[in-house]
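Chain by chain, the residues run as shown.
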Amino acid sequence: VFGSCTVTRNFTVDFLAPPVVDLGPDTSACTGTPVILNAGQTGTWQDGTEAATFTVNTAGRYRVAVSNAGCTTEDSLEVSFLALPDFSLGDDQAGCEGEFLTVNVPAGLGQIRWNDDSTNLSRDFADSGIRWVDITDGNGCVARDSVTLSIVPLPTLDLGLDTTACDDVVFTLMPAAGDGQIFWPDGSTGPDFDVTEPGRIIAVIDNEGCINRDTVEVQFRECIYFQAYLPT
């Protein structure tokens, strides 16, 4: 009978600390503003990508897993997006020189700021340009809308100086005019006008709704014609 044999060996057991990952609490952002999630280390995200950060553009629950020698820790959070103020400055507008174009901002949506820092709800403009407005709501979300304003110059019309013409010949007004249709006192249209009666002549020119006018005073008198003879 053989005696029992005993072998004794010492060994060390180490317990690895699990990795620590914290994405923070559930969060929200304004629509259109990406949320950057940061695991603080390389991890595997819910879509299988491996990176330290993950960019979120859509609401939902997101998670990440980090590993250390076989030890894995996960964390997740909910991301939501807040609606922006919903408003419109209306359609683009066009007007004629001398007119005002009015732009209104809906009330009650938040803090208003125009491109020139005005805070008025309604404004009148007499010049062309692009005007935009930012509205910031109680959540700090900002929405912007813009409108294009076009002021069209009035068409030119010049009937000339007041004048006196002979009463036995036709006197024709031939004004200097820009683009547009000229309307004469008798309802006729055209580039010139035969004056048959003395008095004030008022003409109107219309170019796509932009109207200008001019006046001229025409008087008639009897003209005496003579023939000059030179002696031989």
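Note: the structure precedes this text.
Computed from a predicted model, the values in this text were never measured in an experiment. (Residues numbered from 1 in each chain as written. Predicted model: local features only at pLDDT ≥ 70, side-chain atom pairs only at ≥ 80, totals over all residues. Heavy atoms only, no water.)

## Comments concerning the overall build of the chain
What counts, and what does not: By the criteria applied, helices consist of DSSP H or I runs no shorter than four residues and strands consist of E runs no shorter than two, each listed in order from the N terminus. Based on C-alpha atoms, the radius of gyration is set beside the globule rule, defined as 2.2 Å times the residue count to the power 0.38. Residue burial is assigned from relative accessible area. The probe radius is 1.4 Å, only protein chains are included, and a residue is buried under 20% of its type maximum, exposed over 50%, and partly exposed in between. We call two residues contacting when some pair of their heavy atoms lies within 4.5 Å.
Scanning the chain for helices and strands turns up zero helices and 19 strands. Over its C-alpha trace the chain gives a radius of gyration of 42 Å, far above what one expects of a compact globule, namely 17 Å for 232 residues. The principal-axis extent of the C-alpha atoms belonging to the chain is close to 180 × 50 × 25 Å. Among the 232 residues that make up the chain, the fraction classed as buried is 28%. The contacts in the chain between residues at least 6 apart in sequence include a share of 45% that link residues at least 24 apart.

## Details of the pairing of strand β10 (residues 129–136)
Applicable threshold: One requirement defines pairing of two strands: DSSP has to find at least two bridges between them.
Pairing geometry for strand β8 (residues 111–114) and β10, over four bridges, is antiparallel. By the bridge assignment, R113 is partnered in β10 with D134. Between β10 and strand β11 (residues 142–152), which pair antiparallel and follow one another directly, the connecting turn spans five residues, one of which, G140, has a positive phi of 85 degrees.

## Focus on the side chain of D134
We count it as follows: Any pair of nitrogen or oxygen atoms within 3.5 Å is treated as a polar contact; in protein, a donor-acceptor pairing is required on top of that, and neighbouring residues in sequence qualify only through side-chain atoms on both sides.
Within the fold, D134 resides in strand β10. Within the structure, D134 has its side chain in polar contact with the side chain of R144 (distance 2.7 Å). The residues touching D134, leaving out its near neighbours within four places in the chain, are Q111, I112, R113, V142, A143 and R144.

## A closer look at the pattern of salt bridges
As a reminder of what qualifies: The rule for a salt bridge is simple: a side-chain nitrogen of Lys or Arg has to be within 4 Å of a carboxyl oxygen of Asp or Glu.
Counted by the stated rule, this structure contains seven salt bridges. The partner of D134 in a salt bridge is R113, with the nearest N and O atoms 3.3 Å apart. In this pair, D134 sits in strand β10 while R113 sits in strand β8, placing the two residues 21 residues apart along the sequence. The exposure class assigned to D134 is buried, which follows from its relative accessible area of 8%. With a relative accessible area of 35%, R113 lands in the partly exposed category.

## Here's the deal with the state of the cysteines
Inclusion rule: Note on terminology: pairs of cysteine sulfur atoms within 2.5 Å are recorded as disulfides.
Taken as a whole and assessed by the stated rule, the structure comprises three disulfides. Linked covalently through their sulfurs, C30 and C141 form a disulfide whose S-S length is 2.1 Å. Its torsion about the S-S bond being -90 degrees, the disulfide of C30 and C141 is classed as left-handed. Note that C30 is positioned in strand β1 (residues 27–30) and C141 in the loop between β10 and β11, a separation of 111 residues in sequence. Of the two residues examined, C30 and C141, each falls in the buried class.

## Notes on the sheet that holds strand β2 (residues 35–45)
The following threshold applies: Fitting a line to C-alpha atoms yields each axis, with helices limited to the stretch in contact; the angle taken between N-to-C directions then spans 0 to 180 degrees.
On the basis of which strands lie adjacent, the open sheet formed by five strands has the order β1-β5-β4-β2-β3 and mixed pairing. Across the chains shown, the open sheet's two edge strands, defined by having one partner strand only, are β1 and β3 (50–56). The mean angle between the axes of side-by-side strands here comes to 30 degrees, regardless of whether they run parallel or antiparallel. Of the pairings in the sheet, the one linking strand β4 (residues 60–68) to strand β5 (residues 71–82) comprises nine bridges and is antiparallel in character. Note on β5: the bridge partner recorded for A65 is E74.

## Comments concerning the pairing of β4
Here two bridges tie β2 to β4, and the two strands are oriented antiparallel to one another. Bridge pairing in β4 links W45 to V64. In sequence, β4 turns back onto β5 through a hairpin of two residues, with A69 there showing a positive phi of about 55 degrees.

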